[in-house]
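This is what each chain is made of:
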Protein chains: 2
Amino acid sequence: MRHTIQVLVENKFGVLSRVSGLFSGRGYNIESISVGPTLDNQISQMTIVTSGDDQIIEQINKQLNKLIDVIKVTDFTEFEHVEREMALIKVSPKSEHRAEALRIVDIFRAVIVDSSPKTYTIQVTGDGKKIQAIVDLLKPLGIKEIVRTGKVAISREGKTAG
Amino acid sequence: MRHTIQVLVENKFGVLSRVSGLFSGRGYNIESISVGPTLDNQISQMTIVTSGDDQIIEQINKQLNKLIDVIKVTDFTEFEHVEREMALIKVSPKSEHRAEALRIVDIFRAVIVDSSPKTYTIQVTGDGKKIQAIVDLLKPLGIKEIVRTGKVAISREGKTAG
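For clarity, every value in this text was computed on a predicted model and none was experimentally measured. (Residues numbered from 1 in each chain as written. Chains lettered and ligands numbered in written order. Predicted model: local features only at pLDDT ≥ 70, side-chain atom pairs only at ≥ 80, totals over all residues. Heavy atoms only, no water.)

Draft legend 1. Focus on helix 4 (residues 128-142) of chain A. All names here are of chain A. Taking 1.5 Å of rise per residue, 15 residues should cover 21 Å, and helix 4 covers 21 Å from first to last C-alpha, within 8% of that figure. Bending of helix 4 peaks at approximately 25 degrees at the position of Asp-136, with proline Pro-140 no more than four residues after it. Of the positions making up helix 4, those classed as buried are Gly-128, Ile-131, Ile-134, Val-135, Leu-138 and Leu-141. (Helix = DSSP H or I, 4+ residues; strand = E, 2+ residues; numbered from the N terminus. Expected span 1.5 Å × (residues − 1). Bend = angle between axes of the 7 residues up to and from the residue. Buried < 20%, exposed > 50% of the residue type's maximum accessible area, 1.4 Å probe, protein only.)

Draft legend 2. Local environment of the packing of aromatic side chains. Residue and element names in this part refer to chain A. Counted by the stated rule, this structure contains four aromatic pairs over all chains. Residues Phe-76 and Phe-79 carry aromatic rings whose centres are separated by 5.7 Å and whose planes lie at 70 degrees to one another, so their mutual orientation is edge-to-face. You can call Phe-79 partly exposed: its relative accessible area is 32%. Above the plane of the ring of Tyr-120 lies Arg-98, whose end atom (NZ or CZ) is 4.3 Å from the centre. (Phe/Tyr/Trp six-rings, centres within 6.5 Å; stacked < 30°, edge-to-face > 60°. Lys NZ or Arg CZ within 6 Å of the ring centre and 35° of its normal.)

Draft legend 3. View of the environment of Ala-99 of chain B. All names here are of chain B. Among the secondary structure elements, Ala-99 is positioned in helix 3 (residues 98-107). With a relative accessible area of 43%, Ala-99 lands in the partly exposed category. With 44 residues separating them in the primary sequence, Ala-99 and Ile-143 have C-alpha atoms 15 Å apart.

Here it is in structure tokens:
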């Protein structure tokens, strides 16, 4: 099963290497990772998407908590959360397909962040399924390049408050 | 100077650990990192933001190219590119500040991805400066939590085509 785990870490030198080393050293897979700052510049936040059975996930949690740079580990699978990622997709549609490309942009509430006579660069945000859906629609029009951030997640208040 | 470096790597076990180990082992700083899939599921793409003088950046490029899992290293500093990141910001404004929070959301073309009687979760995309600007404006209203993806970048065609 796929798990999205957030790890708050001290913003210290080599901490990414220690965390990723923990995963690779024990044979745990990292599907995607995002590392960014928090409001406190002493603390960074990592969002790691990994997969494994309950026992493996429990081990990952335990081992992460043992690292001295790790402040807090949250497995989002346990509660309601919002999960999002962003992709930049550069397409080079033939002239007869440019209108179709723009329609797809509209449908997905994506935005064009760069355009040239031969290309559009499209920015889209959403969960993994939405990103995959727009990629699948744009593919026949000619995708030149794609970059995706890792996932980030935040707990949902709307449902838990009810 | 800050550099945004994209690394295409074979999607092999432990590759993140090898890349981050290269940085930490040599004392190079990683400011942010995003790792995501590409169209080819054998290949992953990392966007690393690092800083250092020309000599250090040259060393980083050389060392990365020596790793067998590394397919291609691109330093975006050398040419026109679009740089973007995404943040999810959970605010808990007092009732008299909720309208102001929504105005800020509008101004930054952000979107609300979750709301509860006491909180809004705001999704915003842009370059680092834009994210910092909205964070600075929302801070006095009460930020409860923030998660940011690392930066991603893609080469700009608009200007180079001219």
